[in-house]
Amino acid sequence: MTPLPKIKLTYFDIEGVAEAVRLALVLSNTPFEDDRVGFGDWGEMKPKTPYGCLPIMSVDDGPLRTQSMAMLRWVGSSCSETLYPRDKIFDIEEAIGLMEDLNKSWYPAFAIGMRPQNYGRPEGFGQTEEGKKIIKEMRETWFQNELPRFLTYIENKLEGNQWLAGGETPTIADCVAVPILRNFSRGHVDHVPATALDSHPKVVDYIKRFCAQPQLKGRYNNGIH
Ligand SMILES: N[C@@H](CCC(=O)N[C@@H](CS)C(=O)NCC(=O)O)C(=O)O
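Residues numbered from 1 in each chain as written. Predicted model: local features only at pLDDT ≥ 70, side-chain atom pairs only at ≥ 80, totals over all residues. Heavy atoms only, no water.

Per an unreviewed UniProt entry, the protein is named Glutathione S-transferase, and its organism is Phaeodactylum tricornutum.

Another point: the pairing of strand β3 (residues 56–59). With four bridges connecting them, strand β1 (residues 7–12) and β3 associate as antiparallel partners. In the sheet register, Lys 8 faces β3, and the bridge partner there is Ser 58. Pairing of β3 with strand β4 (residues 65–66), which is carried by two bridges, proceeds in the antiparallel orientation. Along β4, the bridge assignment pairs Met 57 with Arg 65. (Pairing = 2+ DSSP bridges. Helix = DSSP H or I, 4+ residues; strand = E, 2+ residues; numbered from the N terminus.)

Turning next to the site of the ligand. As a matter of local geometry, the ligand sits amid Tyr 11, Phe 12, Val 17, Trp 42, Lys 46, Gly 52, Cys 53, Leu 54, Pro 55, Gln 67, Ser 68 and Arg 115. Contact distances for the ligand include 2.9 Å between an oxygen atom and a side-chain N or O atom of Trp 42. Arg 115 is positioned with one of its side-chain polar atoms (N or O) 3.3 Å from an oxygen atom of the ligand. In isolation the ligand exposes 510 Å². Once the protein is present, 68% of that is buried. In this structure, the ligand is accommodated by the largest pocket. (Near = heavy atom within 4 Å. Polar contact = N/O pair within 3.5 Å; in protein donor to acceptor, adjacent residues only side chain to side chain. Areas by Shrake-Rupley, 256 points an atom, 1.4 Å probe, with all protein chains shown as cover. 1 Å grid on protein atoms, 1.4 Å probe; cavity = no way out; pocket = protein on both sides within 12 Å on 5 of 7 lines; lining within 4 Å. Sits in = over half its atoms within 2 Å of the grid points.)

Here we take up the domain arrangement of the protein. According to the domain assignment, the protein consists of domain 1 (7–78) and domain 2 (86–216). Opposite the 12 residues of domain 1 that make contact, domain 2 presents 14 residues. Counting the surface lost from both domain 1 and domain 2, the interface buries some 1,100 Å², and carbon and sulfur atoms represent 69% of this. Here domain 1 and domain 2 share three residue pairs in polar contact (both at pLDDT 80 or more) between them. Of all the secondary-structure elements, those providing two or more residues to the side of domain 1 that touches domain 2 are α1 (19–27) and α3 (68–78). Of all the elements, α1 adds the most residues to the side of domain 1 that touches domain 2, at six residues. (Domains from an automatic or database assignment. Contact = heavy atoms within 4.5 Å. Buried area = accessible area lost by both parts, 1.4 Å probe.)

This part takes up the sheet that holds β1. Pairing within the open sheet is mixed, and its four strands lie in the order β2-β1-β3-β4. Where the open sheet ends on each side, the last strands, each with one partner, are β2 (33–37) and β4. Sheet strands touched by α1: β1, β2 and β3. Its angle to β1, the strand with the most contacts, is close to 145°. (Axes fitted to C-alpha atoms, helices over the stretch in contact; angles between N-to-C directions.)

With that out of the way, let us pick up the pairing of β2. Here β1 pairs with β2 via five bridges, running parallel. Note that in β2 the partner of Thr 10 across the bridge is Asp 35. What joins β1 to β2 is α1, and the crossover it makes is right-handed. (Right-handed = clockwise from strand over helix to strand, strands pointing away.)

Before going further, it helps to spend a moment on the side chain of Glu 19. Relative to the assigned elements, Glu 19 resides in helix α1. Sequence-distant contacts of Glu 19, defined by excluding residues within four places in its chain, comprise Pro 179, Arg 219 and Tyr 220.

Position of Val 17 among the secondary structure elements: in the loop between β1 and α1. Owing to a relative accessible area of 45%, Val 17 belongs among the partly exposed residues under this scheme. The spatial distance from the C-alpha of Val 17 to the C-alpha of Ile 180 is 8.8 Å, given a sequence separation of 163 residues. If we ignore the near neighbours within four places in the chain, the residues touching Val 17 are Tyr 11, Leu 54, Pro 55 and Ser 68. (Buried < 20%, exposed > 50% of the residue type's maximum accessible area, 1.4 Å probe, protein only.)

Spelled out as structure tokens, the structure:
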């Protein structure tokens, strides 16, 4: 029997972009070191990382790997028979692409609060009265105009299916989708009510179904919040 690889995944202590990778490792019963960096330690660590960002991963003490989607696809194909099967690649990648479109559409409304300079606004913009008002408007407008469209696409994909790429078991597409969707139900982002997904109960049920996988027991409350 081939020995299990020794995997260390380093990221911040948030779900963020690494949660999909963690989920794939957990669902495939692959042991790994879940290394979580405090924001206070990040300044010193940043210049030592290949691209100045996390996550980074090492396998069997090999070179530092970067890019969460590369890690996810590697875990899906190397550590599991069911997370990234060859005959489902099209369905899986289409679903991942859809989730990336959702994220891309949402990102400016989210990120202007964190990095206003990237959106032509001064540092500290989010703390000003004008900034607060604009961020609120951007997020509320997105919720009204964009989120329902994406949730309907997702519901359509789930029609007659338990998982985004069909089949009997979750794939890496579900590992990508669930943390993204949970961003809109955890109530942890300003102006994003924890009820944001309730208009689409099939999506809510899907998240709960995913979070009820035996390997994820105790990881999230009921999956939604
Ligand atoms: N495309 C990269 C994005 C990595 C990324 O943007 N990481 C952010 C956190 S989500 C980061 O390290 N930010 C800290 C910084 O830029 O100083 C991936 O998916 O791994």
